[in-house]
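Below, each chain spelled out in residue letters.
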Amino acid sequence: MKYLNKIIFINSANIPYAEISVDGNVHFTGTQGVGKSTVLRALLFFYNADKHRLGIQQGQKPFDDFYFRQSNSYILYEVMRDNGAYTILVSRYQGRASWRFIDGPYQREWFIGDDKRVLSDWVKIRERIDKNVAVSARIDSGVMFKDIIFGNTHDHKYTRYALVQSSHYQNIPRSIQNVFLNTKLDADFVKNTIIQSMADDDLPIDLQTYRRLVTNFEQEYDEIDCWFRQARDGSYPVRQQALKIAEQGRKIVALDQLLLDVWHMLNYAVADSEQRIPLLEAEVAEVKAGIEKERSREKELTAEYDKEKDTLNQELGAKKSKQKEIAQARKDFEAIGIEDKLALAGRESAIRQERSDKRALLDGLLRTHVSIQERYNIARGKLENARQTFKNALNEAYHRKQAALQADRKRLEAERTDGRKRITDAFYTWQHESDNRWRTLLAEQHRADSALKELRRWHPMADEIKQVDEQLLQLDLAEKENHAKQTAVKSQIDRITAEYEMKETEIKQVSQREQERLEADRAQLRVQIAKIDDLLAHLDGSFYKWLCENKEGWENTIGKVVDENRILYAQGLEPQLDTAYDGLFGIRLNLDNIDAAHRSPDEYRLEKKDLEEQVQQLNRQLAQLPVTFQEEVSRLGKKYAIQVNSRRQEATLLKVEEEQIPVKRQNLQNQRHKLEMEESERIAKEKMTRERAFNEAVLKVQSEEDARKNNEARHKKDLKALDSSFDKASKALDEELRIFKELQDSGAAVRYREFAAQEKQLYEQQKAELAGKGVDMNLLEQYRKALEDLEALLTKIEAGRSDVIRYHDAEQNLFAKEPEIKSLSRTLNNVFQ
């Protein structure tokens, strides 16, 4: 079953875009102005294709201006059939609606691009339609459109688009029109009308009628008569058509000449291109050699740069390692409180001097009791020797244990150093190789990125497009020049035509004046002839006839003095002879020297004949005058026709060239569009290739960077594991030494308490004895307490002396060089940046 499935509006009737399905029962509702009538009229237009029978009221916009006010305004109808849908495109062409049939279902992408813009160029729209989809030529006639959709066409290529097959379909659109325009019709009448309209019976044609109307004689007669057939305005239509045919013939000749000129130009262009090909090939070879040379130089410079960069990288790594060592040393010294130890070591000389002073004061206080002091000093000395001997034994055992553990520590440190060196060497070897790979991949990424960025400025068809633009510009200039030449030629033709018309008018005026003169002379002669005829008509019964009959010799007497018109040829005078009187009115006159003043009828007849001959001569002159006028006009026309025809031929050539300019412009525009499309395709293809190369390069660089990070993390992890193992073993040694020390200290504490008790006992005995001798015991206790504090400080100084020495060594060998190392590191970083 075939039916209208969908209607689509694109920039039509104030609707930017809308798809309306009409494949079933459809009901339109809404307030005034929402577009119900707009859709209904578009639906009705599908069936009747008549813009004047859509219910558009007077004062409203015409159909074309309302539905197709823009160049990209469209109405599309999707029609279903048994083997699929097809689409009817209605657009505006040369100010009115036209149709195209597209053998495929409607697709939005045909008319709307990715940027949401509606296309207006049919060439671009046709490119978007699949090449396998058939598209009909433009149909400008609504009658032909209705013949196609109602199956009244004998062209088989349109058969696929027919909704019905009927040669008498005219009542179908009329009935649908009445329904759409709300005309009151009975449903049965509408049904019967449509059914009757779809009948397949053809009306008979009486061929005899047409045979009688068309005969050879009438055809030949009409062909001959049409050349002389004149219209109401005095023109000859067939002759005008003949002139148009002659004009078309001149155009064909001009086109042939233009085609010949183009052929010569093409031959010249081909020959010139063939001559330029070897030169261009040599130039291409030279350019390629230059490119290869530059690439070789680039490789050399890249190798030198990579070598220098590797050296600087190693130096930078060493400097960074040194900075880490300095930072770690600072951290270690801060952990042991090096500032307090340095301050205490700085006071060593002052403390020793103070201890000497206190000892001198104590000795001065005990000088008067030397014997007691010496005795107790000897006892304390023995006790101190015993304690010192015990302490030395403990220290010796501790030192032996410490030395053994220190040997183990040194062995562990050597193993750690060897392990760190092995791990570090492997890491730096891999890192050097990775640096080379990373630099190569990064350079490849930069090249791919640069190549991708170059696409923004890459226009492979720029020269061809520029050449087409120049041709368009030359075409515009040629069009202006052609227009100026046409204006000049037209002005010349108008001037020559005006001059011809002026000359023709002068000849016509001269001929008219001559005709008027001849007609005046002829009229005058005819007046004289009429007078003679009038005289001759009055001859019977006149005085002249009476004299001729009754008075012999009257011509020499009364005939010389009397008037012809009033006397001789007058009637009713009743003349009589009077023989007694011989004069005229009683007077005798000598009339010998007076000519007769009358003429006889024969003389009048001769004069009439002469006058009639003059009239005939004038008639011949008047009859010849139009012929002479036509000959003079013909000679004048031929004279000016030579000038006008050459300019008309030139005008025809210019007109032909002007008519060819839009075609050439359209061809150039199509060529430019084709070049742009080809350029876009090439750029898109090249962009895809370069983007793929860039993405691969980025992934390779990222993969190498990830591998570098993983390897660096693994290197740090291995070093950390090595350090952790060393620290664990070192802590085990320290713990073993601590346990040994604790065991020593716990065992020695008992002995030291015994020594302290014995020393306290000696001290109490000495104190009691000295007190009995009058010694100030409080002052003695102060001196001894001060000496003990000073001895403790000196012991502390001695214990931290190795740390102080190490700090001064680090300060001289590490901390003093830190600014230089930082400055060099910044310099190297700037070099790599």
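Quantities reported herein were computed from a predicted structural model and do not represent experimental measurements. (Residues numbered from 1 in each chain as written. Predicted model: local features only at pLDDT ≥ 70, side-chain atom pairs only at ≥ 80, totals over all residues. Heavy atoms only, no water.)

1. A closer look at the overall build of the protein chain
(1) Moving on: A count of helices and strands for the protein chain gives 19 helices and five strands.
(2) Moving on: Within the span of the protein chain, comprising 833 residues, buried residues form 27% of the whole.
(3) Moving on: Carbon and sulfur atoms make up 51% of the accessible area of the protein chain, which totals about 56500 Å². (Helix = DSSP H or I, 4+ residues; strand = E, 2+ residues; numbered from the N terminus. Buried < 20%, exposed > 50% of the residue type's maximum accessible area, 1.4 Å probe, protein only. Areas by Shrake-Rupley, 256 points an atom, 1.4 Å probe, with all protein chains shown as cover.)

2. Thoughts on a nonpolar patch on the surface
(1) Moving on: Taken together, Ile-224, Trp-227 and Phe-228 make up a surface patch of nonpolar side chains, about 360 Å² in accessible area.
(2) Moving on: Mapped onto the secondary structure, Ile-224 falls in helix 8 (residues 216–228). (Patch = residues over 30% accessible without salt bridge, like charges linked within 9 Å, V, L, I, M, F, W, Y side chains within 5 Å. Salt bridge = Lys/Arg side-chain N within 4 Å of Asp/Glu carboxyl O.)

3. Brief notes about the environment of Gln-669
(1) Moving on: You can see Gln-669 is positioned in helix 16 (residues 601–772).
(2) Moving on: Judged by relative accessible area, which is 37%, Gln-669 ranks as partly exposed.
(3) Moving on: Distance from Gln-669 to Asp-469, taken between C-alpha atoms, is 8.8 Å for residues 200 residues apart in sequence.

4. Digging into the confidence of the model for the protein chain
(1) Moving on: Looking at the protein chain as a whole, the pLDDT averages 77, with 80% of positions reaching at least 70.
(2) Moving on: Element-level pLDDT for the protein chain is lowest in helix 7 (residues 207–213), with a mean of 52, against a maximum mean of 93 in strand 3 (residues 74–80). (pLDDT = per-residue confidence, 0-100.)

5. Looking at a negative patch on the surface
(1) Moving on: There is a patch of like negative charges on the surface, built from Asp-121, Glu-127, Asp-463, Glu-464, Glu-678 and Glu-681.
(2) Moving on: Of all elements in the fold, only helix 13 (462–537) and helix 16 reach the threshold of two or more residues within the negative patch.
(3) Moving on: When you line up the elements, Glu-681 lands in helix 16.
(4) Moving on: Classification of Glu-681 as exposed rests on a relative accessible area of 53%. (Lys, Arg positive; Asp, Glu negative; His and termini not counted. Charge placed at Lys NZ, Arg CZ, Asp CG, Glu CD.)

6. What about the nonpolar core?
(1) Moving on: Within the largest apolar cluster, 38 residues are counted, with the highest numbers of intra-cluster contacts made by Phe-46, Ile-75, Tyr-77, Ile-88, Val-90 and Phe-101.
(2) Moving on: Broken down by secondary-structure element, the contributors of at least two residues to this core are strand 1 (3–12), helix 1 (36–48), helix 2 (63–67), strand 3, strand 4 (86–93), strand 5 (96–102), helix 4 (142–149) and helix 5 (171–180).
(3) Moving on: In terms of residues, this core owes the most to one element, helix 1, which gives seven residues.
(4) Moving on: Leaving out residues up to four positions away in the same chain, Val-90 has contacts with Phe-45, Phe-68, Ser-73, Tyr-74, Ile-75, Tyr-77, Ala-97, Ser-98 and Trp-99. (Core = buried A, V, L, I, M, F, W, Y, C linked by side-chain atoms within 4.5 Å. Contact = heavy atoms within 4.5 Å.)

7. A look at the pattern of salt bridges
(1) Moving on: Under the definition given, this model contains 25 salt bridges.
(2) Moving on: Across the pair Arg-665 and Asp-476 runs a salt bridge whose closest N-O atoms are separated by 2.9 Å. Of this pair, Arg-665 sits in helix 16 while Asp-476 sits in helix 13, and the two are 189 residues apart along the sequence.
(3) Moving on: The exposure class assigned to Asp-476 is partly exposed, which follows from its relative accessible area of 29%.

8. Topic: the sheet that holds strand 4
Pairing between the strands of a sheet comes from backbone hydrogen bonds, and it takes one of two forms, parallel or antiparallel.
(1) Moving on: The sheet built from five strands is open, its strands ordered 2-1-3-4-5 with antiparallel pairing. Among the strands making up the open sheet, the edge pair consists of strand 2 (15–21) and strand 5. Averaged over all adjacent pairs, the angle separating strand axes in this sheet is 15°, with direction ignored.
(2) Moving on: Looking at chain direction, strand 3 and strand 4 are connected through five bridges and run antiparallel. Within strand 4, the residue paired with Leu-76 across the bridge is Leu-89.
(3) Moving on: Docked against the sheet, helix 4 engages strand 4 and strand 5, running at close to 25° with respect to strand 5. (Pairing = 2+ DSSP bridges. Axes fitted to C-alpha atoms, helices over the stretch in contact; angles between N-to-C directions.)

9. Quick look at the pairing of strand 1
(1) Moving on: Burial analysis of strand 1 places nine of its 10 residues in the buried class, which makes it a mostly covered element.
(2) Moving on: Pairing analysis gives seven bridges linking strand 1 to strand 3, with the strands arranged antiparallel. Bridge pairing in strand 3 places Ile-7 opposite Tyr-77.
(3) Moving on: As paired elements, strand 1 and strand 2 share six bridges and run antiparallel to each other. In the sheet register, Phe-9 faces strand 2, and the bridge partner there is Ala-18.
(4) Moving on: Between the end of strand 1 and the start of strand 2, which pair antiparallel, lie two residues, with Ala-13 showing a positive phi angle near 55°.

10. Observations concerning the side chain of Asn-48
(1) Moving on: Within the element layout of this structure, Asn-48 appears in helix 1.
(2) Moving on: Every residue in contact with Asn-48, bar those within four places of it in the chain, is listed here: Arg-53, Leu-54, Lys-146, Pro-173 and Gln-177.

11. What to know about the packing of aromatic side chains
(1) Moving on: Applying the stated rule across the entire model yields 19 aromatic pairs.
(2) Moving on: Geometrically, the ring pair formed by Phe-46 and Tyr-47 is edge-to-face, given 4.9 Å between the ring centres and 85° between the ring planes. Comparing Phe-46 with Tyr-47, the two get one shared label, buried.
(3) Moving on: It is Arg-100 that lies over the ring of Trp-122; its NZ or CZ is 4.2 Å from the centre.
(4) Moving on: Here Arg-708 stacks its cationic end above the ring of Trp-438, 5.6 Å away from the centre of that ring. (Phe/Tyr/Trp six-rings, centres within 6.5 Å; stacked < 30°, edge-to-face > 60°. Lys NZ or Arg CZ within 6 Å of the ring centre and 35° of its normal.)

12. Considering the environment of Phe-46
(1) Moving on: The residue Phe-46 is located in helix 1 in this model.
(2) Moving on: Separated by 42 residues in sequence, Phe-46 and Leu-4 place their C-alpha atoms 9.1 Å apart.
(3) Moving on: Discounting residues that sit within four places of it in the chain, Phe-46 has contacts with Leu-4, Tyr-77, Val-79, Ile-88, Phe-145, Ile-149 and Leu-163.

13. Here's the deal with the side chain of Asn-5
(1) Moving on: Locating Asn-5 in the fold gives a position in strand 1.
(2) Moving on: The contact partners of Asn-5, leaving out residues within four places of it in the chain, are Ile-20, Ser-21, Val-22, Asp-23, Glu-78, Val-79 and Met-80.

14. Comments concerning unusual backbone geometry
(1) Moving on: Even without being glycine, Ala-13 reaches a positive phi, approximately 55°.
(2) Moving on: Within the element layout of this structure, Ala-13 appears in the loop between strand 1 and strand 2.
(3) Moving on: Unlike most non-glycine residues, Asn-14 shows phi in positive territory, near 65°.
(4) Moving on: Within the fold, Asn-14 resides in the loop between strand 1 and strand 2.
(5) Moving on: With relative accessibility at 51%, the residue Asn-14 sits in the exposed group.

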